[in-house]
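Understanding the architecture of this molecule
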Amino acid sequence: MSNLVRKGFIGVSVVAALSIAAAPAYAFDFSQLWPFGGDARVSDAASIEPVAGEVRYATQIQVDKSELEDVIANASLLVGDQDDPPEDTVSLLTRARLDQKRIVAAMYGEAHYGAVLTVLINGTPLDQVPLDLDLRGQVAQVTIQVEAGPQFVFATPDVRTNGQPIVVADYGLRVGDVARSDAILNAQNAILAEWRDKGYAFAEVVDRTIEADHRTNQLDVTLRIETGQLAHIGNVRVSGAKDVREQTIIEIADLPRGEIYRPQITKRATRNLQELGVFNSVVIKRERRADRPDLVDLNIGVSERKPRTIGVGATIGNTDGLGVEGFWVHRNLFGGAEKVRVEGSVNRIGQGGLDKMDFHTALVYFKPNAFGPKTSFEGKISFDIENPKAFTKRGGKIETSLTHDITDELSVRGGLTGEYAVLTVDGVTTNQSIISAPFELTYDTRDNSLNPTEGIFAVAYAEPTYAISNGATFVKTSVKASTYYAFDDEAKLVLAGRVAAGSIVGADLADVPTDRRFFAGGAGSIRGYAFQAAGPRTGAGVPTGGLSYLETSAEVRYKATEQIGVVGFVDVGGAFTSNIPGQGGELYTGVGVGVRYLTPLGPIRADIAIPLKNISGEPNYGLYLGIGQAF
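First things first, this report covers the structure right here in the doc. Being a predicted model, the structure only gives us computed values, none of them experimental.

What about the overall build of the chain?
- Helices and strands together make up the secondary structure of the chain, namely eight helices and 31 strands.
- In terms of C-alpha radius of gyration, the chain reaches 33 Å, well past the compact-globule figure of 25 Å for 631 residues.
- Its C-alpha atoms give the chain principal-axis dimensions of roughly 100 × 65 × 45 Å.
- Within the span of the chain, comprising 631 residues, buried residues form 42% of the whole.
- Summarising the internal contacts of the chain: among those between residues at least 6 apart in sequence, 59% fall at separations of at least 24.
- Total accessible area on the chain stands at roughly 30700 Å², and carbon and sulfur atoms take up 55% of it.
- With 61 positive and 76 negative side-chain charges, the chain shows a spacing of 5 Å between the two charge centroids.

Rendered as structure tokens:
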């Protein structure tokens, strides 16, 4: 028997063969062969009410391997769109013909390359249904019959790069493994990605042959890949810019001419430009040069946002009351993506009169590319009125800082801060002037800042401080880190953990201004306890703050539906009079549950927590509403 007879040719293109039926599916009447013994997914035509002018139908899936029923149903438009009746018979037949391609492709995905498919309309094979048949006002019975046949395995793959054979077992193509179609595509894409990451921008598949041997139930895979020349960045152009200067865009994108081109370079450039907040979209396209195959020209296509935005927000909780905030921002003040933001907020509404509320207003100026594409400048002037239980404060602050991106994940920030405030503690009012030099190192590999499912977020902070009023000098330090682990590929179940600690060294507790001390408790700290409540107190029950703090949190997050998530959590920690976390105080524990409404902008959070150690005069539960995960 000839090779052409023994082998069924699946297709020269993997993409075409695996997305549609490259070889015809031979239909036959199953009426004499049924049942196969597999389960059937049935909707009865008799139970559906006909509607004048519409073609309504019921579906039935019959397959000889019951485990494939869901695979067929998920691939089928007839099943998925059953609640959206077609307008006429031709539309129903079109939907059925599309199903033939989709279901055969789904069978390829499960390595059934000899699958035989029949679609029946009222018992008549699809190809025999006349186009002028009028089914409007009726309920048709659509039956999808599949004889899956044997599951194929891989024969020895023949994969060559630049004519040289390569071992593809590490890419998932192994002799004897089940020959699912996605394994072929995944291996091909992995090989191409590996070469492109090395700088071969135009690596491509030049030949692709897939053959199914129905005598041995094996799949022969042949791939030929050419890498082309090592590519370097050539000319960089900008299109779509209106108010933002093109030179600014090129500088912030940071695509040096002559550097080896790798995909991660353009990903980084895209992220740099998107983080400016001035563009609706950023698309960087590579262009092949006929005269220089070793160069890649890049075109940065941007679509600018409206430069001015007004926004409002709100938070609410039983321990912290209602908070409202608003802002106005201009994202491109002088054409270099400079940002000016005016913001204001009122918090602790409902906790008492005006003397119990907190007020904040600030003017912020941000300039990217201040000293090169990786360094930005920020200046801020703010005024605050704060009325927590520990103190009252009326003050103004001037802050300047520079942020430098060391790598894509690691950044450093440093600056100078000057503050003047009127502080009242236990009825005693003092004027204080403080100069400090905060320094911050941040490491961030999270996949999403508002709803992370993997990665690490860590911040190390140090702030040398000089209090002019009493001559005290001290350094306020802290370290906090959180990590995330998804138990499944879809990240439906995620375990999140957080730890934070801080210490003030160089001064006694009495010499550190009260507002500069560490406090614990509240929405972003130990839930279930009021703001500042989880720490040392005076005999009258007023929080005093401490020289150190320690906090740990664990959350189990479950995505119940596409929009709804549920959370269980425990928070443990406290503030301490000693500068050694854990000494000079006690630990407080809060436990609770929460609900997340998942939106494209991030989850809307609602948590309720109870304290395991009740504090006299404080609420016996905490309710917190906000945007984004708790950490």
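More follows now that the structure is in view.
Regarding helix H7 (residues 246–253)
- Turning to H7, its buried residues number three or more, namely Thr248, Ile249, Ile252 and Ala253. Buried residues in H7, looked at end-on, bunch into an arc of 130 degrees, giving them a common side.
- In this structure, the buried residues of H7 make contact with strand E12 (232–239), helix H8 (263–274), strand E13 (279–288) and strand E14 (295–304).
- Positive backbone phi, at 60 degrees, marks Asp254, one or two positions downstream of H7.

Thoughts on the pattern of salt bridges
- Within the structure shown, the criterion is met by 33 salt bridges.
- With a closest N to O distance of 2.7 Å, Lys393 and Asp515 form a salt bridge. Linking Lys393 in strand E20 (residues 392–405) with Asp515 in the loop between strand E26 (493–505) and strand E27 (548–559), this pair joins segments that are 122 residues apart in sequence. Asp515 shares its class with Lys393; the two are buried.
- Beyond isolated ion pairs, a larger network of salt bridges with shared partners links Arg527, Glu555, Arg557, Asp571, Arg596, Arg605 and Asp607.

Some points on the packing of aromatic side chains
- Applying the stated criterion across every chain, the model contains seven aromatic pairs.
- Aromatic pair Tyr113 and Phe152: ring centres 5.6 Å apart, planes at 85 degrees, arrangement edge-to-face. Remark: Phe152 occurs in the loop between strand E6 (138–147) and strand E7 (153–154) and Tyr113 occurs in the loop between helix H5 (89–109) and strand E4 (116–121); sequence separation between them is 39 residues. In this structure, Tyr113 and Phe152 share a single accessibility class: buried.

What to know about a nonpolar patch on the surface
- Taken together, the side chains of Ile316, Leu322, Val324, Val593, Ile608, Ile610, Leu612, Tyr621, Leu623 and Leu625 present a nonpolar region at the surface, about 820 Å² in accessible area.
- Every element with two or more residues in the nonpolar patch is listed here: strand E16 (321–330), strand E30 (602–611) and strand E31 (622–627).
- Relative to the helices and strands, Leu322 resides in strand E16.

Brief notes about the side chain of Arg289
- Turning to its location among the elements, Arg289 is positioned in the loop between E13 and E14.
- One polar contact links Arg289 to Asp291, side chain to side chain, over a distance of 3.2 Å.
- At 3.4 Å, the side chain of Arg289 and the side chain of Asp297 are in polar contact.
- With residues up to four places along the chain from it excluded, the contact list for Arg289 reads Asn235, Leu295 and Asp297.

A few points about the sheet that holds E12
- Taken together, the three strands give an open sheet; going across it, the order is E12-E14-E13, and neighbouring strands pair in mixed fashion. With one partner strand each, in any of the chains shown, E12 and E13 form the two edges of the open sheet. The mean inter-strand angle of the sheet, taken between neighbouring strand axes irrespective of direction, is 20 degrees.
- H7 contacts E12, E13 and E14 of the sheet and is inclined by roughly 140 degrees relative to E12.

Considering unusual backbone geometry
- The phi dihedral of Asp254 is positive, around 60 degrees, even though this residue is not glycine.
- In the Ramachandran plot, Gln532 falls in the positive-phi region, its phi being about 75 degrees despite a non-glycine side chain.
- With respect to the helices and strands, Gln532 occurs in the loop between E26 and E27.

Some remarks on the pairing of E4
- By the criterion of burial, E4 is predominantly enclosed, with six of the six residues buried.
- Burial along E4 is two-sided: the residues Val116, Thr118 and Leu120 and Leu117, Val119 and Ile121 are all buried.
- With six bridges connecting them, E4 and E6 associate as antiparallel partners. Following the sheet pairing, Thr118 is matched in E6 by Gln145.

Overview of the nonpolar core
- Grouped together as the largest cluster of nonpolar side chains are 49 residues, with contacts concentrated most on Tyr113, Ile121 and Leu219.
- Tallying contributions element by element places H5 first for this core, with seven residues.
- Counting 25 residues, the second largest nonpolar core, distinct from the first, contains Ala231, Ile249, Ala253 and Val296.

A word on empty space enclosed by the protein
- Taken as a whole and judged by the stated rule, the model has one cavity of 30 Å³ or more.
- Considered as a void within the structure, the largest cavity measures approximately 50 Å³ in volume.
- What lines the largest cavity is simply Asp243, Val244, Val278, Glu304, Arg305, Pro307, Arg331 and Asn332.
- Each residue belonging to the lining of the largest cavity can be placed in one class, and the counts come to three nonpolar, one polar and four charged.

Quick notes on the environment of Gly311
- Inspection of the secondary structure puts Gly311 in strand E15 (residues 308–317).
- The class of Gly311 is buried, set by a relative accessible area of 12%.
- For the pair Gly311 and Ser181, spaced 130 residues apart in the sequence, the C-alpha separation amounts to 48 Å.
- Apart from the residues lying within four places of it in its own chain, the contact partners of Gly311 are Glu325, Gly326 and Phe327.

Looking at the environment of Leu598
- Along the polypeptide, Leu598 turns up in strand E29 (residues 588–599).
- Sequence-distant contacts of Leu598, that is, excluding residues within four places in its chain, are made with Asn451, Lys559, Thr561, Glu562, Gln563, Ile564 and Pro603.

Describing H8
- For H8, built from 12 residues, the straight-helix expectation of 16 Å at 1.5 Å per residue is met to within 8% by its first-to-last C-alpha distance of 17 Å.
- Where the residues of H8 are buried, they touch helix H6 (181–197), E12, H7, E13 and E14.

Criteria and thresholds
Residues numbered from 1 in each chain as written. Predicted model: local features only at pLDDT ≥ 70, side-chain atom pairs only at ≥ 80, totals over all residues. Heavy atoms only, no water. Helix = DSSP H or I, 4+ residues; strand = E, 2+ residues; numbered from the N terminus. Rg over C-alpha atoms; globule rule 2.2 N^0.38 Å. Buried < 20%, exposed > 50% of the residue type's maximum accessible area, 1.4 Å probe, protein only. Contact = heavy atoms within 4.5 Å. Areas by Shrake-Rupley, 256 points an atom, 1.4 Å probe, with all protein chains shown as cover. Lys, Arg positive; Asp, Glu negative; His and termini not counted. Charge placed at Lys NZ, Arg CZ, Asp CG, Glu CD. Arc of directions from axis to C-beta. Salt bridge = Lys/Arg side-chain N within 4 Å of Asp/Glu carboxyl O. Phe/Tyr/Trp six-rings, centres within 6.5 Å; stacked < 30°, edge-to-face > 60°. Patch = residues over 30% accessible without salt bridge, like charges linked within 9 Å, V, L, I, M, F, W, Y side chains within 5 Å. Polar contact = N/O pair within 3.5 Å; in protein donor to acceptor, adjacent residues only side chain to side chain. Pairing = 2+ DSSP bridges. Axes fitted to C-alpha atoms, helices over the stretch in contact; angles between N-to-C directions. Core = buried A, V, L, I, M, F, W, Y, C linked by side-chain atoms within 4.5 Å. 1 Å grid on protein atoms, 1.4 Å probe; cavity = no way out; pocket = protein on both sides within 12 Å on 5 of 7 lines; lining within 4 Å. Points joined across faces, edges and corners; volume = space filled by probe spheres on them. Nonpolar A, V, L, I, M, F, W, Y, C, P; charged D, E, K, R; others polar. Expected span 1.5 Å × (residues − 1).

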